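Structural features, examined
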Amino acid sequence: CESMHALPHQRHHTVLCCFALFTCFLDAVWGQIRYSIPEELEHGAFVGNIAEDLGLDLDKLSARRFRIVSGAKKQYVEVNLENGVLFVNERIDREELCEQSLSCSFHLQVVIENPLELYRVEMEILDVNDNSPSFPWTEFNLDISESAAPGSRFPLESAQDLDVGSNSLRTYLLSVNEHFLLDIQTRSDGSKFAELVLQNPLDREQQSAHQMVLTAVDGGAPERSGTAQIDITVLDANDNAPVFDQSFYRVRLAENAPKGTVVIKLNASDLDEGPNADITYSFSGHAPIKVRQLFSVDSRTGEIKVKGVIDYEKARMHEIYVQAKDKGPSAVAVHCKVLVNVLDKNDNLPEVILTSVSTPVQEDAPPGTVIAVISVMDKDSGENGNVDCEIPHQIPFQLHSSFKNYYTLVTSDFLDRETVGEYNITLTARDMGSPPLFTRKTILVQVSDVNDNAPHFKQPSYTVYLTENNAPGASICSVAALDPDSGQNAYLSYSILDGDIQGMPVSTYVSINSDNGNIYALRSFDHEQLKNFQVTVQAQDAGFPPLKNNVSVNIFILDQNDNAPVIVSPLPHNDTAPSEAVPRSVDPGYLVTRISAVDADAGQNSRLFYQMLQATDPSLFSVALYTGEIRTIRQLMEKDPTRHRLVILVKDNGQPPLSATVSIILSVVDSLPDSQPDLGDLSLSPHHSSNLTLYLIVSLGAISFTFLVAIIVLVAVRRLKVRASNRDTGALPQVYCYKMCLTPESSKSDFMFLKPCSPVLSVQQNNAKSTDYLTSGWSALDRNELSNNRAATPNEVTHVITTGSLCRNNLLIQTEIYAHVTGCKLSLQEGTAPNYSWTPKYTQPHSEPPDYQHNVYIPGTTSGYSTLKLAPRGELDVYNTFSTFGKKKRFISNYEQPFDKDDALISNAIFK
């Protein structure tokens, strides 16, 4: 404070500065801090060092989000987070904040996080003498009868001072006169009012009017004052004044009483008669302005009625001063006091204030995480002001009460954003009144995502069928994965895992768009080189740490008719057409030669048909549609040419079909050389023919038995390898079926059994019957053919191999083979194309082979039995055997035979 020796006008400022000193104390029971400061302090005025008072570390105020939450409409104080000083943020007007209350204070809440701490601060506002007393009017008129006796009292209008305590109205002063003196009285609330007391009798004839100055002085330092002029008119005498039943009345009035409600009816009597006894009622000069705003007085009946809104929270009682005056000349007013006690009603809803809300909250937040700090208040009193809070029970949150009217909202369980992304928590604050009043407030709590879900693909695996000769760079399929997370945690990128396909990196075969999962072929695929392969696609999100998942994509290369038939026999010699000799004495149906061709395609695209395109004499020779055998149609005559040129067309069954042609020169001779005996022209005696047939039957039986034993041993060894491989790898390769034919009557028969180097499907375990058939196919078919009088039909062998290895290092060469061993010797070398060698030309004829495609399933194609339409065989397409040599016999197509049950077993065993 400044020195007290300052100039007089400076002393007043010095006193205010000294008065602005505050007091600070800690409430040991409630843990509250209380500051006392004077009103009207300027912005930035020092209040106290709240950080030191609470024992807090100044360096951690900002980190712990130190803040002050005020329940008032204005933020009167703030805290400097650098030094912990609490200072005035906005000028405080005590009269505006607390009106006439003797004590004035408001509460603050200090919130500190990490960990959460709450402190309650009470700010007491001390009054300063900033308001002067003032009268409702600057001039008062009093009519006093001259008959008024000494000692008569005349209430004067009270002055109003908005200050309280010592700064409020202290006393009244009256200017000097010889008839009146001033009597100062004190109300029940401590306020002062003055009455004018007649000291000496009045004499209207001597002086009919008197003027005085009334001064109201407060108790401030320095004191303030206000004045009003009193004009007194002396009247002629009215001997009797009205009299109230009692000078003091006490009544009770319910809060929020409707306007017009009668509070009390006053009654005053006058012994005079006539106009001197006609009484009127009105407020006396002691009635404050607020009382006049809330109540009215009926001038005729004396009823006091409610005029404004009676609010218990603003004032719990009211003092009403009423005067009664007759209408006679020189009427004298009498006064009474009515004390109105206001009864509280539950008319205020609880108020909910969110002082701190932490949202969004992570879904992996542990139970007990603080979400919000809540304070509630109710302006009512007693039970009407007691408030209880609650939230719904079916949500993972709880409400904890820290101390009276303060709550914290915490999590009670772990959250899952994928199940519930946000919560609208309804907080209900209900008081204890009757009936109770409640307030509902909704708190929005958003749950933020953490990367707790790995991507998952829409399908467990993907299968793609791609036609060969595709365009490089074309999209072949698309994979899609989903991630229930959000934001970056749900952003997926796709990639193909490293691997090898036929010794080459998988990245040279296919690529993938990392954004949308589209898979593209990087090369043009060839079914003849690669029938299928598998890649592994990985989906990975962008979370931290990232999560990922894999899926297998199986790609099957479908065959396309892109390979024309290749003539393997007969082959031209030195760019000249091959030639064959035909004995002139042969009978119709004589096998001249056979055209052999192969097609690298698969399925129907490799099924070949033979057709005579050109012939020197079309009536002499014919070609078998399915076997390519060239036979005589009739006997040769002397007039027939000795040299014939045939052009044979070989066409596949693809769409569109591809073809090849071969030219053959046939020379008619009288007899064949001895080096190339024609078994068909042998003229054997019956005895020698019978012996030769017996030898042939014995030889074929021995060969069949030996071949059967070899097949059984080979299948047994293979099954043992398959079981061992399945136990080690659990691989499930894909299965293809190969059928090969062997003609018993062939002059030379070579058969090479293909050995797989990959395990077969588990279908062998589930279809034991089919497997047994496969191991005994030769003998069963031999018996079947013989019993159906199909002596000339080739024996059939069906063999099941897996997508695997006809070569070392798992080099895949998968070929569907249809070979008439009597006409073609087939051999396969590792990593090379088939090598064919032509066998002796003069072989015994045989019938049309059965359609083998019905036992082969190729993805994307249909069964050969359901789609293939074969051209009918001609009547002259016949053949001879040893037992029927030279005899004509109508050709019976295999397609006309009943469908073998053994064939059905093979068909069902494939790809189940």
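Not measured: the values here are computed from a predicted model. (Residues numbered from 1 in each chain as written. Predicted model: local features only at pLDDT ≥ 70, side-chain atom pairs only at ≥ 80, totals over all residues. Heavy atoms only, no water.)

1. Considering the overall build of the protein
A tally of helices and strands in the protein yields ten helices and 56 strands. Split into buried and exposed, the 912 residues of the protein put 46% on the buried side. Considering only residue pairs separated by 6 or more positions, the protein has 68% of its internal contacts joining residues 24 or more positions apart. Accessible area of the protein: about 45,700 Å², with a carbon and sulfur share of 52%. (Helix = DSSP H or I, 4+ residues; strand = E, 2+ residues; numbered from the N terminus. Buried < 20%, exposed > 50% of the residue type's maximum accessible area, 1.4 Å probe, protein only. Contact = heavy atoms within 4.5 Å. Areas by Shrake-Rupley, 256 points an atom, 1.4 Å probe, with all protein chains shown as cover.)

2. A short note on the packing of aromatic side chains
Enumeration according to the criterion identifies twelve aromatic pairs in this entry. Plain terms: the ring middles of Phe244 and Tyr281 are 6.3 Å apart, the flat faces sit at 50° to each other, and that makes the pair tilted. With Phe244 in strand S16 (residues 243-244) and Tyr281 in strand S20 (residues 279-283), this residue pair connects regions lying 37 residues apart in the sequence. Neither Phe244 nor Tyr281 differs from the other in exposure class; each is buried. Each residue in the set Phe135, Trp137, Phe140 and Tyr172 is aromatic and connected to the rest through ring pairs, giving one cluster. (Phe/Tyr/Trp six-rings, centres within 6.5 Å; stacked < 30°, edge-to-face > 60°.)

3. Re the UniProt feature "transmembrane region" (unreviewed entry) in the protein
Mapped onto the present numbering, the UniProt feature "transmembrane region" (unreviewed entry) falls on residues 692-717. Between the first and last C-alpha atoms of residues 692-717 the distance is 38 Å; the span itself is 100% helix and 0% strand. (UniProt positions renumbered as here; feature names shortened; annotations may be inferred.)

4. Details of unusual backbone geometry
Here the residue pair Phe544 and Pro545 is connected by a cis peptide bond, since its omega of -5° sits within 30 degrees of zero. With respect to the secondary-structure elements, Pro545 resides in the loop between strand S42 (532-541) and strand S43 (548-558).

5. Some remarks on the sheet that holds strand S48 (residues 608-615)
Spatially, S45-S52-S51-S48 is the arrangement adopted by the four strands of the open sheet, whose pairing is mixed. Since the sheet does not close on itself, it has two edges, and those belong to strand S45 (579-583) and S48, each with one partner. Neighbour to neighbour, the strand axes of the sheet diverge by 35° on average, direction disregarded. (Pairing = 2+ DSSP bridges. Axes fitted to C-alpha atoms, helices over the stretch in contact; angles between N-to-C directions.)

6. Some points on a nonpolar patch on the surface
The grouping of Leu692, Leu694, Tyr695 and Val698 at the surface amounts to a nonpolar patch, some 410 Å² of accessible area in total. Its location among the elements puts Leu694 in helix H5 (residues 686-729). (Patch = residues over 30% accessible without salt bridge, like charges linked within 9 Å, V, L, I, M, F, W, Y side chains within 5 Å. Salt bridge = Lys/Arg side-chain N within 4 Å of Asp/Glu carboxyl O.)

7. Regarding the environment of Glu40
Tracing the backbone shows Glu40 in the loop between strand S2 (32-38) and strand S3 (46-49). With near-sequence residues (within four places) excluded, Glu40 lies in contact with Arg91, Ile92, Asp93, Val128 and Asp130. Within the structure, the side chain of Glu40 is placed 2.4 Å from the side chain of Arg91, a separation counted as a polar contact. (Polar contact = N/O pair within 3.5 Å; in protein donor to acceptor, adjacent residues only side chain to side chain.)

8. Concerning the sheet that holds S20
In a beta sheet, neighbouring strands are held together by backbone hydrogen bonds and run either parallel or antiparallel to one another. Spatially, the four strands line up as an open sheet ordered S17-S24-S23-S20, and their pairing is mixed. Two strands in the sheet have a free side with no partner beyond their single neighbour: strand S17 (248-254) and S20. Averaged over all adjacent pairs, the angle separating strand axes in this sheet is 30°, with direction ignored. As paired strands, strand S23 (residues 317-326) and strand S24 (residues 334-343) are joined by eight bridges and run antiparallel to one another. Considered in S24, the bridge of Tyr321 is made with Lys337.

9. Quick notes on the pattern of salt bridges
Inspection of every chain in the model, using the stated rule, returns 20 salt bridges. Between Arg91 and Glu40 there is a salt bridge, with its nearest N and O atoms 2.4 Å apart. With Arg91 in the loop between strand S6 (85-88) and helix H3 (94-98) and Glu40 in the loop between S2 and S3, this pair connects stretches of sequence that are 51 residues apart. Given a relative accessible area of 25%, Glu40 falls into the partly exposed group.

10. Examining the side chain of Asp483
In this fold, Asp483 is placed in the loop between strand S36 (481-482) and strand S37 (492-496). It turns out Asp483 is buried and unbridged, and the closest side chain with the opposite charge, Arg417, is 6.9 Å from it. Separated by 3.0 Å, the side chain of Asp483 and the backbone nitrogen of Asp485 make a polar contact. Once you skip the residues sitting within four places of it in the chain, Asp483 turns out to touch Asn453, Ala454, Pro455, Asn489, Ala490, Leu492 and Asp541. (Lys, Arg positive; Asp, Glu negative; His and termini not counted.)

11. As for the confidence of the model for the protein
Looking at the protein, the pLDDT average stands at 75 and 73% of residues meet or exceed 70. With pLDDT under 50 throughout, residues 1-30 is counted as low confidence; its partners more than four residues away or in other chains account for 38 contacts. Low confidence marks residues 675-689, where pLDDT is under 50. Its contacts with residues over four positions away, or in another chain, come to 16 contacts. (pLDDT = per-residue confidence, 0-100.)

12. Brief notes about the environment of Val464
Its location among the elements puts Val464 in strand S34 (residues 461-467). Judged by relative accessible area, which is 6%, Val464 ranks as buried. Taking the C-alpha atoms as reference points, Val464 and Asn554, separated by 90 residues in sequence, lie 6.1 Å from one another. For Val464, the contacting residues outside a window of four places in its chain are Ile476, Cys477, Val553, Asn554, Ile555 and Phe556.

13. Section: the environment of Ser671
Here Ser671 shows up in the loop between strand S52 (659-669) and H5. A residue is classified by how much of its surface remains accessible, and Ser671, at 54% relative accessible area, is exposed.

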